[in-house]
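# Structural description and commentary
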Amino acid sequence: MSRIDLSRQRCLNHAQREAVARCPECKRYFCRECVAEHDDRVLCASCLRKLLAPEEKEKYPLRFLLRAIQLTCSVVALWLFFYYLGEILLLFPTSFHEGTIWEKLEKS
Amino acid sequence: MMKPKGALDLIEEAIAELRTAPAGVWISYYAGSFLFVLCLLYFWADMSRSAFAHRHVAESAFGVSLLYIWMKCWQSVFASRMYDRLLPGRQARRSASRINVLRLILIQAILQPYSLFLLPLAFIVFLPFGWVYAHFHNISLIGNGGTTDVRAVWRKSWKLALLWPAQNHRLILILSLFSIVLFLNVAVVIFFIPQLIRTLFGIESAFTMSPLQALNTTFLTVVCGVTYLLVNPLLKTVYVLRCFYGESVHSGADLIAELNLAPPEVRSPADSSKRGEVRSEMER
């Protein structure tokens, strides 16, 4: 979008005012009064409120339980991966691991 | 959408970043990876040689699993520090203060183990490999403890992995070829060290008596481990840069970083009050 387009835009909250910035979060246009700088970005009030809102602690009271289950599943999956890797390594004969199998094949 | 950088340009930039990185950043990488690779080699040698390995395979596998999480956490710290070096001063300090150790461990421990299953699966299916590969590299950076929301980290990493697929696949191709060449170099060096010792000191070893001994699985694992330790920091940095440029599409951080490097007479019109306008221009 070009500069001319911005000059034609109006503030979402104040229809009589010219827009001076576009919120990078909601992509809407706002006047100078409706935007604020946060984290080196110019944001509108509602997006800023959403961004600064505390994490969804109240929304998920069982989130600690959920995280514990997720963590357990991941560690078990990881353990199974290395366990079966070990089991597969045990299946191969020692001559294969030591490389002597190739010497035998060469001689035969 | 901005035009993405070329794959070779990105690799060159990553190498320049790595060359100028302070010792602390390197230590944060090798503190995790070196220990894991060393223990994985021990695990491999133990499982392939020991007559009593079947008795303690479960315990050993658990130890290696914990070290895998340890490595991934340190790789996340490394990726975050590399990312902070790219950000303009004030943002970098804010970003560094956001790292929360417990959150980082939690996110990395929850998400990274799945890479061991999904990457081989994606490789077999072939087509989605590039995206899955980028996704798990991105998790190292995005899951650096800024949030405990696993779903948000997963989504953001995936979103960044989807960016510029041609660049991503070119990167994978170039770095894979580089890895193969490095693998061969490391193998040749390790193979010829015993020959050199025999020539210089007259000491015989299994390798000098029979060159076929080099085909033992521990030798190949050592070569793979050394190659991984040498290539992975470059890969991580390349994906950190991809994330940085991907996020800059919205944040304009790359422009601010460039402005900060510019001389004062060029920088003055873009002081903090004007930055918003610069960014909103870029948004358009």
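Just so it is clear, the model here is predicted, and its values are computed rather than measured. (Residues numbered from 1 in each chain as written. Chains lettered and ligands numbered in written order. Predicted model: local features only at pLDDT ≥ 70, side-chain atom pairs only at ≥ 80, totals over all residues.)

Along the backbone of chain A there are five helices and four strands. Each helix and strand of chain A, ordered N terminal to C terminal, gives the series α-β-β-β-β-α-α-α-α. Taking all 108 residues of chain A together, the buried fraction comes to 20%. Of the contacts formed within chain A by residues at least 6 apart in sequence, a portion of 2% connects residues at least 24 apart. (Helix = DSSP H or I, 4+ residues; strand = E, 2+ residues; numbered from the N terminus. Buried ≥ 20, exposed ≤ 12 C-beta atoms within 10 Å, placed from the backbone. Contact = placed C-beta atoms within 7 Å.)

With that settled, the discussion passes to the pairing of strand β4 (residues 41-44) of chain A. Residue and element names in this part refer to chain A. Neither face of β4 is open: one carries Arg41 and Leu43, the other Val42 and Cys44, and all of them are buried. Summarising the sheet, strand β3 (residues 35-38) and β4 pair through four bridges and their orientation is antiparallel. Bridged to His38 within β4 is Arg41. Between β3 and β4, which pair antiparallel and follow one another directly, the connecting turn spans two residues, one of which, Asp39, has a positive phi of 55 degrees. (Pairing = 2+ DSSP bridges.)

Facing 40 residues of chain B, the contacting portion of chain A comprises 31 residues. For the side of chain B that touches chain A, the elements supplying multiple residues, two or more each, are α2 (23-49), α3 (57-86), α5 (101-111), α6 (115-125), α11 (217-251) and α14 (272-283) of chain B. Per element, the largest residue contribution to the side of chain B that touches chain A is eight residues, and it comes from α3 of chain B. Looking at the side of chain B that touches chain A, its residues break down into 22 nonpolar, 13 polar and five charged. (Nonpolar A, V, L, I, M, F, W, Y, C, P; charged D, E, K, R; others polar.)

We now examine the confidence of the model for chain B. All names here are of chain B. Looking at chain B, the pLDDT average stands at 83 and 83% of residues meet or exceed 70. Per-element averaging of pLDDT across chain B places α14 at the bottom with 46 and α3 at the top with 92. Here residues 269-284 scores under 50 on pLDDT; set against residues more than four positions off or in separate chains, the count is 25 contacts. Model confidence for the complex is summarised by a pTM of 0.75, with the ipTM given as 0.79. (pLDDT = per-residue confidence, 0-100.)

For the rest of this paragraph, the subject is the nonpolar core. Core analysis: the biggest nonpolar cluster contains 56 residues, and Tyr83, Val238 and Val240 of chain B have the highest contact counts within it. When residues of this core are traced back to their parent elements, those giving at least two are α3 (63-91) of chain A together with α1 (7-20), α2, α3, α5, α7 (129-142), α8 (150-162) and α11 of chain B. Excluding residues within four positions of it along the chain, Tyr83 of chain B makes contact with Leu141, Val240 and Phe244 of chain B. Of all hydrophobic cores here, the second largest spans 13 residues; its members include Cys11, Val20, Phe30 and Cys34 of chain A. (Core = buried A, V, L, I, M, F, W, Y, C linked by C-beta atoms within 7 Å.)

Moving on: the packing of α5 of chain B against α8 of chain B. Geometry of a packed helix pair, given as the angle between the helix axes and the separation of the axes. All names here are of chain B. Where α5 meets α8, the axes come as close as 10 Å, and the angle between the chain directions of the two elements is 65 degrees. Taken together, α5 and α8 sit at an angle that is classed as roughly perpendicular. Crossing hand, α5 versus α8: right-handed. When α5 is examined against α8, the residues Ile107, Ile110 and Leu111 are found in contact with a partner set consisting of Val150, Val153 and Trp154. Broken down by class, the residue content of the contact of α5 with α8 amounts to six nonpolar, no polar and no charged. (Axes fitted to C-alpha atoms, helices over the stretch in contact; angles between N-to-C directions. Parallel < 35°, antiparallel > 145°, perpendicular 65-115°, else oblique. Left-handed = near helix turned anticlockwise from the far one by under 90°.)

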